[in-house]
Amino acid sequence: MSQSASSGERSHTNRLIHETSPYLLQHAHNPVDWYPWGDEAFQRARAEDKPVLLSVGYSACHWCHVMERESFENPATAQIMNDFFVSIKVDREERPDVDAIYMDAVQAMSGHGGWPMTVFLTPDGVPFYGGTYFPPTDRHGLPGFPRLLHAVAGAWQSQREGLLEQGKQVLAALDKSHLTAPSRVALDETVLEQAFRALGRGFDPRHGGIGAAPKFPQAMTWEFMLRMSQRSHTPEAAHMAQTTLQHMADGGIYDHLGGGFHRYSVDAEWLVPHFEKMLYDNALLARLYLHGYQACGDARYRRIVMETLEYVRRDMTNSQGGFYSAEDADSEGEEGKFYVWSLDEVQRLLGSDADTFARYYDVTRQGNFEGHNILHVTRDVATAAREFGMSETDLDALLARSRATLFEARSHRVRPGLDDKTLTSWNALMLGAYAEAAAVLGDSTYRDMAVRNAEFLLTNVQRDGRLLHTWKDGEAKILGFLEDYAYLADALLVFYEATFDLRWVTEARRLADAMIDLFWSENEGVFYQTARDQADLITRPIELFDNATPSGNSVATAVLLRLAHLLGEPDYGRYAVSVLQRVRDLMVRAPSAFGHMLGALDAYLATPQEVAIVGAPEADATQALLRVVFSRYRPNSIVALRVPADPQPAQVIPLLADRDALDGQPTAYVCENYACQMPTTNPDTLAQQLE
């Protein structure tokens, strides 16, 4: 976070001081007369006949902090803004709808987008000019921000008709941007195969990942690859996924001391990251590595899952079980300072272990990042042990104690800033990660974390039956978006399979029904991002493309397909098929933007393997059956359980109807395509049936 204003400057406050967003609060002491998003700002703009300057960013955004220091803390620049504009500051994580609309506008006007985003609007909210970061003086082909402000203010006075006409054209483009006709071609495996081949053409065989620098984790793309390897037993898909997972885990994008992943790598080798850590990345990647562990049994992936979840438990969880949003890249005004090391530091702290540690993690005198070292792995433990003349066991032990020593030393450094707001959608992603880890790894700690988070969300971010998007310091606000409903419903269905508490299915169904009621467009055949009763936007956005997080439409599609199978209610599937048909051709043309939707299509085309278990969930024999079920990667399986004396689950989940325990022993039934195999109490027999 920005360590911005001096004590003298901080005497000034603006309206953002009353907000809860850490990002907005960072700007509360700027000399800019900031408004939060809302009617008050637009009413003033209309009353004073001024254009609106909309600035959008987020707490962990490095260049957002730079623009704040250079421009928004500059009294002269702030005076220009105050004289000629009504200025609105938005946290894109709090208002993804506002961000989506105006990012589309900026991309339409300039051909590119990013954050910080700077958009000039009419008093009615219509964008007529925009860009991203602007420097304080003319630089690299960009106009200096003060010069730009004067130019826009002048044009508003002397060339207004032209600006208004441009705004109309942009608004018309926004209204049409999401319109895609349903494909007339059937939904079939050719979509998956064409997407797989297209992604394969961009694969980096040396370092993994797609394309060159900068390189993003793209967890949803690799989830799709794991699905393809399972669907068609394609060795190329498994190889691409495993190569990527291993290189990311070895690279500097992974925090080898504290666990968890940074946002992305600025190079093709995964070495130098942008150092911010986002909750959503770590949720998506924890589940990806968990699935990688199920698919290929590599214990290194299991370790990454455990370290990532421990990082979130330790550093990103509030006292009530909610998860924080992000940690900054910067500390003490320097990007990455918290994470990097000099050789002298390593030698001083590790003593006789330093040389081996430095060779393994590539710590050198010259460094690999601005004279310092980002820890990364250049060889596996077996190879390193041979080179170092050590056993693998001894090397593992040396590295473990060395990491612990450096982690302890690092804990005394100034930490990066923390964005401690709690977002419902991102929390749901992490809830799903803990829930699935509890089922797969059999760790009660993960189940307890999931219980606390689920209870926190259902208690704190609901009002009058509606989900709210954000919570901080006891205050929940902003009506929930499609992603909040879809992500949480998905997480609760995953959580059901970790606990078999019917409450979570009931809650997931309630959320799905509300999601259809609030967001579905019968005309478009897809879900809107905003609810039907939200009225503070110039257009109603639809998000179809996966970005850093999966689109609400893709998760909603997967949730509804799962509910259709689990509850035996095919009408849920009608909505899912409509969305899939609408984006079918887009998935073929741009598969990297539809990783999660491709997974939903895979689920739609699959014949789900249904597993019904009758037995007390805590019984050892039941647990033995469940370990078999969750030991392998089965992305399209449906698992349900009932206790023999409890008839209620069978009334909700048809798969459980007429299932009884054999001879009073926990029993598994494996069914597929309306046909079931013989029930079994034997884990080995169950494993054979599942294969």
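Here's a quick rundown of the structure. Since the structure is predicted, the reported quantities are computational estimates derived from the model, not experimental observations.

Quick word on the environment of Ile516
Mapped onto the elements, Ile516 comes out in helix α20 (residues 502-519). On a C-alpha basis, the gap between Ile516 and Tyr572 in space is 9.3 Å, while along the polypeptide they are 56 residues apart. When residues no more than four places from it in sequence are discounted, the contact partners of Ile516 are Phe527, Leu560, Tyr572 and Tyr575.

Overview of helix α10 (residues 235-250)
Here α10 contains 16 residues, and its C-alpha end-to-end distance of 22 Å stays within 8% of the 22 Å for a straight helix at 1.5 Å per residue. Those residues of α10 that fall on the buried side of the exposure criterion are Ala237, Ala238, Met240, Ala241, Thr243, Thr244, Leu245, Gln246, Met248, Ala249 and Asp250. Those residues of α10 hidden inside the fold are in contact with α8 (189-201), α9 (219-232), α11 (279-296) and α12 (299-315).

Side note on unusual backbone geometry
With an omega of 5 degrees, the peptide bond between Trp115 and Pro116 qualifies as cis. Between Ala213 and Pro214 the backbone carries a cis peptide bond, its omega angle lying at -10 degrees. Its location among the elements puts Pro214 in the loop between α8 and α9. One non-glycine residue with positive phi stands out, namely Gln218, at about 50 degrees. The class of Gln218 is partly exposed, set by a relative accessible area of 24%. Positive phi outside glycine occurs at Glu370, with the angle close to 50 degrees. Locating Glu370 in the fold gives a position in the loop between α14 (354-361) and α15 (381-388). The class of Glu370 is exposed, set by a relative accessible area of 67%.

Digging into the pairing of strand β18 (residues 609-614)
In regular strands, side chains alternate between the two faces of the sheet. Burial analysis of β18 places six of its six residues in the buried class, which makes it a mostly covered element. Here five bridges tie β18 to strand β19 (residues 638-642), and the two strands are oriented parallel to one another. Bridged to Ala612 within β19 is Ala640. Note that the unit made of β18, helix α24 (residues 620-630) and β19 has a crossover that is right-handed.

What about the pattern of salt bridges?
Throughout the structure, instances matching the rule amount to 50 salt bridges. Across the pair Asp138 and Arg147 runs a salt bridge whose closest N-O atoms are separated by 3.2 Å. With a shortest N-O distance of 3.3 Å, Arg574 and Glu522 are connected by a salt bridge. Of this pair, Arg574 sits in helix α22 (residues 571-589) while Glu522 sits in the loop between β16 (520-521) and β17 (526-527), and the two are 52 residues apart along the sequence. Residue classification places Arg574 among the partly exposed residues on the basis of a relative accessible area of 37%. Overall, Glu522 belongs to the exposed group, its relative accessible area being 53%.

Describing the side chain of Asp602
Here Asp602 is to be found in helix α23 (residues 595-605). Setting aside chain neighbours within four positions, we find Asp602 in contact with Leu192, Arg227, Arg231 and Asn636.

A word on the sheet that holds strand β21 (residues 675-676)
Judged by pairing direction, the sheet is mixed, and its four strands sit side by side in the order β19-β18-β20-β21 without closing on themselves. In this open sheet, the two edge strands, each paired with only one partner strand, are β19 and β21. Packed onto the sheet, α24 meets β18, β19 and β20 (667-672) and runs at close to 170 degrees relative to β18.

Procedures and definitions
- Residues numbered from 1 in each chain as written.
- Predicted model: local features only at pLDDT ≥ 70, side-chain atom pairs only at ≥ 80, totals over all residues.
- Heavy atoms only, no water.
- Helix = DSSP H or I, 4+ residues; strand = E, 2+ residues; numbered from the N terminus.
- Contact = heavy atoms within 4.5 Å.
- Expected span 1.5 Å × (residues − 1).
- Buried < 20%, exposed > 50% of the residue type's maximum accessible area, 1.4 Å probe, protein only.
- Pairing = 2+ DSSP bridges.
- Right-handed = clockwise from strand over helix to strand, strands pointing away.
- Salt bridge = Lys/Arg side-chain N within 4 Å of Asp/Glu carboxyl O.
- Axes fitted to C-alpha atoms, helices over the stretch in contact; angles between N-to-C directions.

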